[in-house]
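Descriptive structure summary
Read off the chains here:
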Amino acid sequence: KKRIVIKVGSGVITEANHIAKERMLNLVSLIAEFKKTHEVILVTSGAVSAGYTALQLDRKRDISKKVLASVGQPILMSNYKRMFDIFDISISQILLTEEDFDSRVHTVIFQQIIETTLANGILPIVNENDISTTEDQLFGDNDQLSSHITHYTNSDLLVLLSDIDGYYDDNPSKNPKAKIIKDVHSIDPDKLTEEHTPNNKFATGGIVTKLKAAQYLMNRNRQMFLCSGYDLTTIHQFVLEGVHEKGSLFS
Ligand code: ADP
């Protein structure tokens, strides 16, 4: 079986202070379909915004953000649990930090957990553990976390499901004439040092962390596909039919 990592952004999972249940269910049923032919690892954002549905603290304050994440993580996971139950898929929750990739001992433990989880047909759902850690122990965004997971689990592909349908030659939220770049084989180093440009208040990365994730994988001969998390026909076509019509492939 091919192994893929799917990362979903918080803009897809939540909407105006509530969990976007219909979109989440669409994603869950897509993963149920993928699982028949693929091993899937899901990386999900959205804990902080899910927490905000229960408790409106100022997310710019460090401690408030951690509290929101701690409130939101079980909200997020109970929604996934309920939806994956429909398809008889068991899930696991794996919370990681950047440190899980920086020592052989930690990385081997994480690899063994993932291998054992997948070997038992369980869907691992991964998020960054931003509850108990300090800033420098974290990636700070799930794009780079996912790229590391993709590499260390020897996965064939990382798919980023975003609020944007691909990588544009200019910021599409500022420049309406920006055009999508379908195939990317190299990234201008200047692009990797630009300021982060997340599109909504719960997003952390913007395009820069996605480019960093892509560069990390391209350096290691792996692929990343960036496409819409709202319209799942693109990922469906690309992964199951091998058709690349929409979305951006970094390879
Ligand atoms: P996610 O929740 O998927 O992580 P982000 O909001 O963090 O989403 O990042 C995607 C956003 O990055 C887009 O909605 C867009 O506003 C912004 N962006 C800036 N430059 C670009 C670009 N060149 N191509 C695509 N998106 C860009």
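The sections below set out a description of the structure shown in this document. Just so we're clear, the structure is a prediction, and the values are computed from it rather than from any experiment.

Observations regarding unusual backbone geometry
Look at Ala16: it is not a glycine, yet its phi comes out positive at around 40°. The topology assignment puts Ala16 in the loop between strand 2 (14-15) and strand 3 (18-19). Its identity is not glycine, yet Asn221 carries a phi of approximately 55°, on the positive side. Summarising the element assignment, Asn221 is placed in the loop between helix 7 (207-218) and strand 11 (223-228).

Considerations on the packing of aromatic side chains
Note on aromatic pairs: each is described by the distance of the centres and the angle between the planes. In the structure shown here, the tally under the stated rule is 6 aromatic pairs. Measuring from centroid to centroid gives 5.8 Å for Phe101 and Phe139, while their planes differ by 55°, and the two rings are tilted. Separated by 38 residues along the polypeptide, Phe101 in the loop between strand 5 (91-96) and helix 5 (104-119) and Phe139 in the loop between strand 6 (123-128) and helix 6 (142-152) bring together distant segments of the chain. Note on accessibility: Phe101 and Phe139 belong to one class, buried.

Regarding the packing of helix 2 (residues 21-34) against helix 4 (residues 62-86)
Direction vectors running N to C along helix 2 and helix 4 enclose 50°, while the axes themselves pass 10 Å from each other. Considering the angle they form, helix 2 stands oblique to helix 4. By crossing handedness, the relation of helix 2 to helix 4 is classed as right-handed. Residues Lys21, Met24, Leu25, Leu27, Val28 and Ile31 of helix 2 form the contact with helix 4, whose participating residues are Leu76, Asn79, Tyr80, Arg82, Met83, Phe84 and Ile86. In terms of residue class, the contact of helix 2 with helix 4 is made up of 10 nonpolar, 1 polar and 2 charged.

Considerations on the sheet that holds strand 4 (residues 38-44)
Taken together, 8 strands build an open sheet; the order of strands is 5-6-4-1-7-11-12-10 and the sheet is mixed. Because the sheet does not close on itself, it has two edges, and the strands there are strand 5 and strand 10 (183-184). Across 3 bridges, the pairing between strand 11 and strand 12 (residues 248-250) is antiparallel. Across the sheet, Leu226 pairs through a bridge with Ser248, a residue of strand 12. Each of strand 1 (2-8), strand 4, strand 7 (157-162), strand 11 and strand 12 touches helix 8 (residues 233-241); the most contacted strand, strand 7, lies at about 170° to it.

About the thresholds
- Residues numbered from 1 in each chain as written.
- Predicted model: local features only at pLDDT ≥ 70, side-chain atom pairs only at ≥ 80, totals over all residues.
- Heavy atoms only, no water.
- Helix = DSSP H or I, 4+ residues; strand = E, 2+ residues; numbered from the N terminus.
- Phe/Tyr/Trp six-rings, centres within 6.5 Å; stacked < 30°, edge-to-face > 60°.
- Buried < 20%, exposed > 50% of the residue type's maximum accessible area, 1.4 Å probe, protein only.
- Axes fitted to C-alpha atoms, helices over the stretch in contact; angles between N-to-C directions.
- Parallel < 35°, antiparallel > 145°, perpendicular 65-115°, else oblique.
- Left-handed = near helix turned anticlockwise from the far one by under 90°.
- Contact = heavy atoms within 4.5 Å.
- Nonpolar A, V, L, I, M, F, W, Y, C, P; charged D, E, K, R; others polar.
- Pairing = 2+ DSSP bridges.

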